[in-house]
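# Structural overview for review
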Amino acid sequence: MAQPKYITDIGKISHIPEEQREKLKKITDKFVFRVNEYYLNLIDWNDPHDPIRKLVIPNEGELEEYGRWDASDEDTNYVVKGCQHKYSSTALLIVSEVCGAYCRYCFRKRLFRNDVKEATSDIEPGLQYIANHPEISNVLLTGGDSLILATPKLRAILHRLREIEHVKIIRLGSKIPVFNPMRIYEDEELLETIREFSNANKRIYVMAHINHPREITPEAVRGFQALHDAGAIVVNQTPVLRGINDDPEVLGELLDRLSWAGVTPYYFFINRPVAGNNDFVLPLARVYDIVEKAKARTSGLGKRVRLSMSHTSGKIEILAIENGKAYLKYHQSRDGNYGKFMMLDCPDDAAWFDDLPGSERYWKKPQKRTKEVVSVNELPDVPRKRERRAEVPS
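Residues numbered from 1 in each chain as written. Predicted model: local features only at pLDDT ≥ 70, side-chain atom pairs only at ≥ 80, totals over all residues. Heavy atoms only, no water.

- Looking at an unreviewed UniProt entry, one finds the protein chain named L-lysine 2,3-aminomutase, with Cohnella phaseoli as its source organism.
- Regarding the protein chain, the UniProt comment filed under Cofactor (unreviewed entry) reads as follows: "pyridoxal 5'-phosphate". (UniProt positions renumbered as here; feature names shortened; annotations may be inferred.)

## So, the overall build of the protein chain
- Tallying secondary structure elements over the protein chain gives eleven helices and 14 strands in all.
- Whereas a compact globule of 394 residues would reach a radius of gyration of roughly 21 Å, the protein chain reaches 21 Å, a difference of no more than 12%.
- Judged by the C-alpha coordinates and their principal axes, the protein chain covers about 70 × 55 × 45 Å.
- Counting the 394 residues in the protein chain, one finds 58% classified as buried.
- Long-range contacts, defined here as pairs at least 24 residues apart, represent 73% of the contacts in the protein chain between residues at least 6 apart. (Helix = DSSP H or I, 4+ residues; strand = E, 2+ residues; numbered from the N terminus. Rg over C-alpha atoms; globule rule 2.2 N^0.38 Å. Buried < 20%, exposed > 50% of the residue type's maximum accessible area, 1.4 Å probe, protein only. Contact = heavy atoms within 4.5 Å.)

## A closer look at the packing of helix H10 (residues 248-260) against helix H11 (residues 284-295)
- Packing of H10 against H11 brings their axes to within 8 Å, and their N-to-C directions diverge by 50°. One element, H10, and the other, H11, form an angle in the oblique class. Every pair of crossing elements has a handedness; the one defined by H10 and H11 is right-handed. Contact residues: Pro248, Leu251, Gly252 and Leu255 in H10; Ile290, Val291, Lys293, Ala294 and Lys295 in H11.
- Tallied by class, the residues present in the contact of H10 with H11 amount to six nonpolar, one polar and two charged. (Axes fitted to C-alpha atoms, helices over the stretch in contact; angles between N-to-C directions. Parallel < 35°, antiparallel > 145°, perpendicular 65-115°, else oblique. Left-handed = near helix turned anticlockwise from the far one by under 90°. Nonpolar A, V, L, I, M, F, W, Y, C, P; charged D, E, K, R; others polar.)

## Some remarks on the confidence of the model for the protein chain
- When pLDDT is averaged across the protein chain, the result is 94; 97% of the residues are at 70 or more.
- Below a pLDDT of 50 lies the segment residues 386-394, which in the model reaches one contact outside its immediate sequence neighbourhood of four places, other chains included. (pLDDT = per-residue confidence, 0-100.)

## What to know about the pattern of salt bridges
- If you walk through the whole model with that rule in mind, you get 27 salt bridges.
- Salt-bridge contacts for glutamate 188 lead to arginine 195; the nearest nitrogen and oxygen are separated by 2.7 Å.
- Glutamate 253 is the salt-bridge partner of arginine 257, the closest N and O atoms lying 3.6 Å from each other. With a gap of four residues between them, arginine 257 and glutamate 253 both fall in helix H10, about one helical turn apart.
- Arginine 257 gets classed as partly exposed once you look at its relative accessible area, which sits at 24%.
- The network of salt bridges with common partners includes Asp70, Glu74, Arg108, Arg110 and Glu118. (Salt bridge = Lys/Arg side-chain N within 4 Å of Asp/Glu carboxyl O.)

## Some thoughts on the UniProt feature "domain: Radical SAM core" (unreviewed entry) in the protein chain
- Listed under "domain: Radical SAM core" (unreviewed entry) in the UniProt record, and renumbered for this structure, are residues 85-301.
- Helix and strand shares over residues 85-301 are 35% and 18% respectively, and the end C-alpha atoms of the span are 31 Å apart.

## Observations regarding helix H9 (residues 218-229)
- Over its twelve residues, H9 runs 16 Å from end to end, which matches the ideal 16 Å to within 8%, given 1.5 Å per residue.
- All of the buried residues in H9 are Ala220, Gly223, Phe224, Ala226 and Leu227. Taken around the axis of H9, the buried residues stretch over an arc of 160°, which confines them to a single face. Relative to its buried face, H9 has exposed residues pointing more than 90 degrees away, namely Pro218, Arg222 and Asp229.
- Where H9 is buried, its residues meet helix H2 (37-40), helix H6 (176-179), helix H7 (182-185), helix H8 (188-197), strand E8 (204-208) and strand E9 (233-240). (Expected span 1.5 Å × (residues − 1). Arc of directions from axis to C-beta.)

## Structural notes on the state of the cysteines
- In this structure the tally under the stated criterion is zero disulfides.
- No disulfide involves cysteine 83; its sulfur sits 19 Å from the nearest other cysteine sulfur, which is in cysteine 99.
- What makes cysteine 83 buried here is its relative accessible area of 0%.
- Of all cysteine sulfurs in the structure, the one in cysteine 99 sits closest to cysteine 106, which takes part in no disulfide; the separation is 6.1 Å. (Disulfide = S-S within 2.5 Å.)

## Examining the pairing of strand E10 (residues 264-270)
- Counted residue by residue, E10 has five buried out of seven residues, so it is predominantly covered.
- Here E10 runs beside strand E11 (residues 306-311); their pairing, made up of three bridges, is parallel. The partner of phenylalanine 269 across the bridge, within E11, is serine 308. (Pairing = 2+ DSSP bridges.)

## Things to note about the sheet that holds strand E7 (residues 169-174)
- Read from one edge of the open sheet, twelve strands run E3-E4-E5-E6-E7-E8-E9-E10-E11-E12-E13-E14, paired in mixed fashion. At either end of the open sheet lies a strand with only one pairing partner, and these are strand E3 (78-80) and strand E14 (341-345). The average angle at which neighbouring strand axes cross in this sheet is 30°, direction not considered.
- Relative to strand E12 (residues 314-322), E11 runs antiparallel, the two being bridged by four bridges. Bridge pairing in E12 places methionine 309 opposite isoleucine 316.

## A short note on the packing of aromatic side chains
- The tally for this structure, following the rule as stated, stands at six aromatic pairs.
- Through pairs of rings, three or more aromatic residues link up here, namely Tyr266, Tyr267 and Phe269.
- Across the ring face of phenylalanine 31, the terminal group of lysine 109 is positioned such that the distance to the ring centre comes to 4.8 Å.
- Cation over ring: lysine 175 sits above phenylalanine 179, and NZ or CZ is 5.1 Å from the ring centre. (Phe/Tyr/Trp six-rings, centres within 6.5 Å; stacked < 30°, edge-to-face > 60°. Lys NZ or Arg CZ within 6 Å of the ring centre and 35° of its normal.)

## Considerations on a nonpolar patch on the surface
- Where nonpolar side chains cluster on the molecular surface, the patch consists of Leu319, Phe341 and Met343 and spans about 280 Å² of accessible area.
- Along the chain, phenylalanine 341 falls in strand E14. (Patch = residues over 30% accessible without salt bridge, like charges linked within 9 Å, V, L, I, M, F, W, Y side chains within 5 Å. Areas by Shrake-Rupley, 256 points an atom, 1.4 Å probe, with all protein chains shown as cover.)

## Quick look at the environment of glutamate 118
- Tracing the chain through its elements places glutamate 118 in the loop between strand E5 (90-94) and helix H4 (124-131).
- On the basis of relative accessible area, glutamate 118 is assigned to the buried category, the value being 2%.
- C-alpha of glutamate 118 to C-alpha of isoleucine 94: the two residues are 24 residues apart in sequence and 7.0 Å apart in space.
- Each residue touching glutamate 118, except ones within four places of it in the same chain, is listed here: Tyr78, Gly82, Ile94, Arg110, Leu111 and Val373.
- Polar side-chain contacts of glutamate 118 include one of 2.5 Å to the side chain of tyrosine 78.
- Within the structure, the side chain of glutamate 118 is placed 2.7 Å from the side chain of arginine 110, a separation counted as a polar contact. (Polar contact = N/O pair within 3.5 Å; in protein donor to acceptor, adjacent residues only side chain to side chain.)

Next up, the structure:
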């Protein structure tokens, strides 16, 4: 199975002028860089504002003072190392700290720091926790990217989860369908694994991360079809990002092309206020307007998408923003407030739930449930460089 070459040194991207590469190296000291040749070939290097370029090539705005490393306080969701349990029916297993490429807007970029170890190869404690909690019917394998795992490793995890009767749905969080679709349709062992563990009563869902219609290449469509044929259901989620997809025509085309390929539009997200993400931020009212205009361009199938914020307290759906008011509802709630309706003032520059006056009345910051996970927000802003291990004399 031929695989594209991966590049982790920004200095080796010859399409970028050498002087600019030197500037970008300072950024990659803080926020790691990784991409592959297949995805690089989607970039129009003659366009400095190319959206695919902005998705994976560092920008100098990443060093501006903004946000937190863990903007949704995921450290408080861990119940044992490698396993989060925020919502009653869903658990997360953090199975990888590597992706096919690193999106510059990533809300979990903290996982790629040298001094953070949230992903674990030993998922036994997480599996035991899930087995002991019958309310958990959904398990999301994420990270990092679950499909970056070697197929035998992935198969072993799926096999263990299928031994737990109350786990009905297994979700695979992944951008591999567009970062490296060949990994899907050229790996018959992977497809056979999905066939084995996805059936009419217990499905595997692939939670794809497709941000722009130009990512939907013929190779990507072939990958979608291979997943469908193997019995997986593919859905998509993407944040709305300034300079990448903040255009009703672009988002409308994305909704159409996903629907045509049989990929369900699942979520549009508000970009989380994560360190390094300042260049991608849009006001809430602007995002709502873009999304509604995009939905107006597509069919009812495309209109199934929901606009949401993944906040510390839960997934908050934006129902409408009109005349300076935000109309919101808890679509998922950490504290059992599902369906709670909120009407709050929405200042023009508000870009997150916490920016809305009065939002603090509806939630309180949770406490950590395990000491096994480092709270990255308490670490130095710049990760320490990886130290070389001294050789032990023989």
